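Breakdown of the fold
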Amino acid sequence: MIKADTNFAVIGDPVEHSLSPKIHYLFAKQDGNQIKYEKIRVTKGSFVNFVEDFFSNRGGGLNITLPLKTDAFEIAGKLDRDSKSCQAVNTLKSVNGTLSGFNTDGVGFLEDLEVWHGISVKNKRVLLLGSGGAAKGIIRPLLINGPKTLTIANRTPASALGLADQLRLENFNGIEGMGLDDIQLLDQRFDIIVNATSSGHKNSEVPIDENLLEGSICYDLSYGPAASFARWAESRGAKRSIDGLGMLIEQAAKSYEIWTGFSPDTESVRAKIRDDIDI
Ligand code: NDP
């Protein structure tokens, strides 16, 4: 049990649409904890001062979202394996005065995909769209689970190529990087297509051609109104289509466990949040 009135928050910019407070209040209810969990807009310029003030005033933990995950990585005195490998932190906790950084995105993604949806990545041909922060957060946990191949395709090709080079240096095999426009030139099908682009937030076009969907399971990291890739894939006959709401809840559960030691039961929370967002 944590002390009453311990403060938690998700910080980023923008942050007003975050579902994290709702999710964490549901976890705290299960745990019998009285927490305060806010969403607070924090800019890059005010980040360091904010974090220092927060943890000196009954701060129990912070979730970090765009664009502050790299700043959180830089400020943390101690890092877990996943945040070290992707150089981004989405969860901060102060342990005996030392700021500890964690990244729970990869674990949350795999928990949702493999455990909740029963889809194993082992020996699968995986296409990952995007090479930003979220893609980097899920990529190594995904590779550790042994896909046959991983193709990373990004709007800005250099970023996908650089990420693929880095992963090969880390002795991961079967990796290829390319521009989004080059996927169509491959005469190849994929078992799993993961959308880790933020195109759904920008009302942009879906980043791939629909002929790639045949026989594929599609997973969109975006959720709610931004999950246009998941809705498009479903309407165009993908074998299965899943949005990122489950991942959001599973990564939040790992954060809650890091802060409090309590591992929430996510089943009821998944149902409740899905009902609430009604999409
Ligand atoms: P970043 O800003 O770090 O990266 C964005 C990525 O999307 C880049 O690869 C960028 O390409 C690409 N992109 C942006 N606009 C377009 C477009 N119009 N067409 C094609 N590609 C585009 O964001 P994140 O990686 O942090 O987030 C990506 C998505 O994942 C967001 O929708 C976010 O909400 C979601 N997410 C979900 C989580 C969950 O728990 N479900 C957790 C974390 C993120 P380029 O390099 O060319 O700019």
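Residues numbered from 1 in each chain as written. Predicted model: local features only at pLDDT ≥ 70, side-chain atom pairs only at ≥ 80, totals over all residues. Heavy atoms only, no water.

1. As for the layout of surface pockets
The method is simple in principle: a probe with the dimensions of a water molecule rolls over the atoms, and the space it marks as empty is what remains. Quick note on the threshold: Definitions used throughout: a 1 Å grid over protein atoms alone; a cavity as a set of points that fits a 1.4 Å probe which cannot get out; a pocket as an open set with protein on both sides within 12 Å along at least five of seven lines; a lining residue as one with an atom within 4 Å of a point. Grid points are joined across faces, edges and corners, and a volume is the space filled by probe spheres set on the points. A run of DSSP states H or I qualifies as a helix once it reaches four residues; a run of E qualifies as a strand once it reaches two. Both are numbered from the N-terminal end.
The volume enclosed by the second largest pocket comes to roughly 240 Å³. Lining the second largest pocket are 11 residues; nearest its centre among them are I2, K3, T6, G59 and G60. Those elements that provide at least two residues to the lining of the second largest pocket are β1 (6-12), β3 (59-64) and β5 (91-95).

2. Structural notes on the nonpolar core
So the rule is basically this: Buried Ala, Val, Leu, Ile, Met, Phe, Trp, Tyr and Cys residues that are joined via side-chain atoms within 4.5 Å together make up what is termed a nonpolar core. Note on classification: 1.4 Å probe, protein chains only; a residue is buried when its accessible area is under 20% of the maximum for its type, exposed when over 50%, partly exposed between these limits. Contact criterion: two residues are considered in contact whenever any of their non-hydrogen atoms come within 4.5 Å of each other.
F109, L150, I152 and V194 are the most contacted members of the largest nonpolar core, which has 28 residues in total. It is helix α6 (residues 133-144) that contributes the most residues to this core, 5 residues altogether. Not counting residues up to four positions away in its chain, the partners in contact with I152 are L128, G130, S131, I139, A160, L163, A164, L167, I175, E176, G177 and M178. Core analysis: the next-biggest nonpolar cluster, separate from the first, contains 19 residues, I2, I249, Y256 and W259 among them.

3. Considerations on the site of the ligand
Defined as follows: A cutoff of 4 Å decides nearness: a residue is near a molecule or strand if any of its heavy atoms lies inside that distance of it. As used in this structure description, the phrase polar contact means that two N or O atoms lie within 3.5 Å; if the pair is within protein, one of them must be able to donate a hydrogen and the other to accept it, and residues adjacent in sequence are counted only when both atoms belong to side chains. Residue-level accessible areas treat just the shown protein chains as cover; the underlying method is Shrake-Rupley with a 1.4 Å probe. Under this grouping Gly is polar, as are all residues other than the nonpolar Ala, Val, Leu, Ile, Met, Phe, Trp, Tyr, Cys and Pro and the charged Asp, Glu, Lys and Arg. What counts as a domain boundary in this text is fixed by an automatic or database domain assignment.
Contacts to the ligand come from 26 residues, most closely from A134, N154, R155, T156 and S222. T156 places a polar side-chain atom, nitrogen or oxygen, 2.5 Å from an oxygen atom of the ligand. When isolated, the ligand has an accessible area of 930 Å², and the protein chains bury 82% of it. Listed by contribution, the elements that provide at least two residues to the shell around the ligand are α6 and α9 (245-260). Element by element, the count of residues in the shell around the ligand is highest for α9, at 3 residues. Of the residues belonging to the shell around the ligand, the class tally is 8 nonpolar, 14 polar and 4 charged. Structurally, the shell around the ligand is a two-domain feature, drawing no fewer than three residues from each of domain 1 (7-103 + 246-276) and domain 2 (107-243).

4. Structural notes on the packing of helix α5 (residues 105-116) against α9
For clarity, the cut-off: Helix axes use the C-alpha atoms of the stretch in contact, all axes being lines fitted to C-alpha atoms, and the angles between their N-to-C directions lie in the range 0 to 180 degrees. Should an angle fall under 35 degrees it is taken as roughly parallel, and over 145 as roughly antiparallel, whereas 65 to 115 is taken as roughly perpendicular and any remaining angle as oblique. Crossing handedness is read from the near helix: turned anticlockwise from the far helix by less than a right angle, it gives a left-handed crossing, and turned clockwise, a right-handed one.
Between α5 and α9, the shortest axis-to-axis distance is 7 Å and the interhelical angle comes to 125°. The angle between the axes of α5 and α9 places the two elements in the oblique class. Crossing hand, α5 versus α9: right-handed. When α5 is examined against α9, the residues D105, V107, G108, F109, E111, D112 and W116 are found in contact with a partner set consisting of G246, M247, E250, Q251 and K254.

5. Quick notes on the domain arrangement of the chain
For the record, the criterion: Once two parts are put together, the accessible area they lose, assessed with a 1.4 Å probe and summed over both, is termed the buried area. Whenever a carboxyl oxygen of Asp or Glu lies within 4 Å of a side-chain nitrogen of Lys or Arg, that contact is scored as a salt bridge.
For the chain, the assigned domains are domain 1 (7-103 + 246-276) and domain 2 (107-243). With 15 residues of domain 1 at the interface, the matching set in domain 2 holds 17 residues. With both chains or domains summed, domain 1 and domain 2 bury close to 1,400 Å², and 62% of this area falls on carbon and sulfur atoms. Between the two partners, domain 1 and domain 2, sit 2 salt bridges.

6. Some thoughts on the sheet that holds strand β6 (residues 98-102)
Quick note on the threshold: Whether two strands pair comes down to DSSP finding at least two bridges between them.
Pairing is mixed in the open sheet, where 6 strands are placed in the order β2-β1-β3-β5-β6-β4. Here the strands that pair on one side only, and so sit at the sheet edges, are β2 (35-41) and β4 (78-79). Together, β1, β2, β3, β5 and β6 form the strand contacts of helix α2 (residues 47-56), whose direction differs from that of β3 by roughly 150°. Docked against the sheet, α9 engages β1, β2, β3, β5 and β6, running at close to 5° with respect to β5.

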